[in-house]
Amino acid sequence: MKKNLLFIALILLSLTSFATETKIIVRAKAKDAKFVGSSLGGAYVIIRNKTNNRILAEGKTVGNTGNTDLIMKTPKERGNLISDEQAAKFLATIDINEPTFINIEIISPFNNKQAQSTVSTELWLIPGKDILGDGIILEIPGFIIDILKPRTHHYISLNSIKEKPFLVKANIVMMCGCTIRKGGIWNSDEIEVKGILKKDGEYFEDIDMSLVETNLFEGNVNLNSAGNYELIIYAYDSKSGNTGVDKVNYVIYN
């Protein structure tokens, strides 16, 4: 029995001894914007062996959103990097002893569940053949939208708002957290933001939303009857195809 155990241990040791450390960088990049990094809580990366689905490495991207001029303003030519040393990344060191087909999955933005997307790709990882520099970049489409007013399941007296404009507020940023402002790189004038209001499950009214300060959009509506309301706010950029949605339910009572 002891001999058998020793034999098995030697086999396992020999297999391990042939494993080679292989490094791979993975980055999450917001569509039409910059990298998802520490300022937004990071993007979550999972690297799996495609054959048996075993997780080889996992963790969050760490670093800043990258160099704006390099990413957004410099013409892209083959071989030129769009990342620098500070740009957010997940660096994995994986031990493999033969070419391994892997799946890379990114969940981003990890801390904003209502805006979360999952994107993935597959590739061969070769022992000792590192994938560094820009690494593997996966694109995250959309906008992050947080409705600030009204609050979720807020009970509001009809008398307090009757015959007054009812204010609606939402904070909207790119999927990297990059700011939206009038005349900026991400120009609010080029992004359509609108509210769709429902009352008791039926369409009630559209709400035009406009920028009042960086990232903050406001609109108003007249509410003159009690009911269960649902507010949907969307953002749409026709040039990039980016879209985003948030929803909130609240109650107006007599």
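Look above for the structure.
All of these numbers come straight from a predicted model, not from anything done at the bench.

What counts, and at which threshold
- Residues numbered from 1 in each chain as written.
- Predicted model: local features only at pLDDT ≥ 70, side-chain atom pairs only at ≥ 80, totals over all residues.
- Heavy atoms only, no water.
- Pairing = 2+ DSSP bridges.
- Helix = DSSP H or I, 4+ residues; strand = E, 2+ residues; numbered from the N terminus.
- Axes fitted to C-alpha atoms, helices over the stretch in contact; angles between N-to-C directions.
- Buried < 20%, exposed > 50% of the residue type's maximum accessible area, 1.4 Å probe, protein only.
- Lys, Arg positive; Asp, Glu negative; His and termini not counted.
- Salt bridge = Lys/Arg side-chain N within 4 Å of Asp/Glu carboxyl O.
- Polar contact = N/O pair within 3.5 Å; in protein donor to acceptor, adjacent residues only side chain to side chain.
- Contact = heavy atoms within 4.5 Å.

Asks: Explain the sheet that holds strand β4 (residues 90–96) here, please?
Replies: Consider a sheet: its strands pair through backbone hydrogen bonds, and that pairing is either parallel or antiparallel. Read across the open sheet, the three strands follow the order β4-β1-β7; overall the sheet is mixed. A single partner strand is all that each edge strand has here, and the edge strands are β4 and β7 (131–140). Strand-to-strand twist in this sheet, taken as the mean axis angle between neighbours without regard to direction, amounts to 35°. Where strand β1 (residues 20–30) lies against β7, six bridges are found, and the strand directions are parallel. In the sheet register, I24 faces β7, and the bridge partner there is I131.

Asks: Looking at this model, I keep getting lost on the side chain of D237. Mind explaining?
Replies: Position of D237 among the secondary structure elements: in the loop between β15 (227–236) and β16 (243–253). The side chain of D237 is buried and forms no salt bridge, while K239, the nearest opposite charge, is found at 6.8 Å. Looking at D237, its side chain comes within polar contact range of the main-chain nitrogen of K239, at 2.9 Å. Beyond its immediate chain neighbours, meaning those up to four positions away, D237 contacts D32, F143, E190, I191 and N242.

Asks: Quick question: what am I supposed to make of the pairing of strand β14 (residues 216–222) here?
Replies: Side-chain positions along a regular strand alternate between the two faces of the sheet. Within β14, five of the seven residues are buried, which leaves it mostly tucked inside the rest of the structure. Where strand β10 (residues 165–174) and β14 come together, seven bridges link them in antiparallel fashion. Considered in β14, the bridge of L167 is made with N220. What sits between strand β13 (residues 210–213) and β14 in their antiparallel hairpin is a turn of two residues, with N215 showing a positive phi close to 75°.

Asks: How should I be thinking about the pattern of salt bridges in this particular structure?
Replies: One side chain can pair with another of opposite charge once the charged atoms of both are near each other. Counted under the stated rule, the structure contains eight salt bridges. Put simply, D69 and K73 hold a salt bridge, and the shortest N to O gap is 3.5 Å. Of the two residues, D69 and K73 are both situated in helix α2 (residues 68–73); the distance of four residues between them amounts to about one turn of the helix. Judged by relative accessible area, which is 44%, D69 ranks as partly exposed. The residue K199 makes a salt bridge to D200 at a minimum N-O spacing of 3.3 Å.

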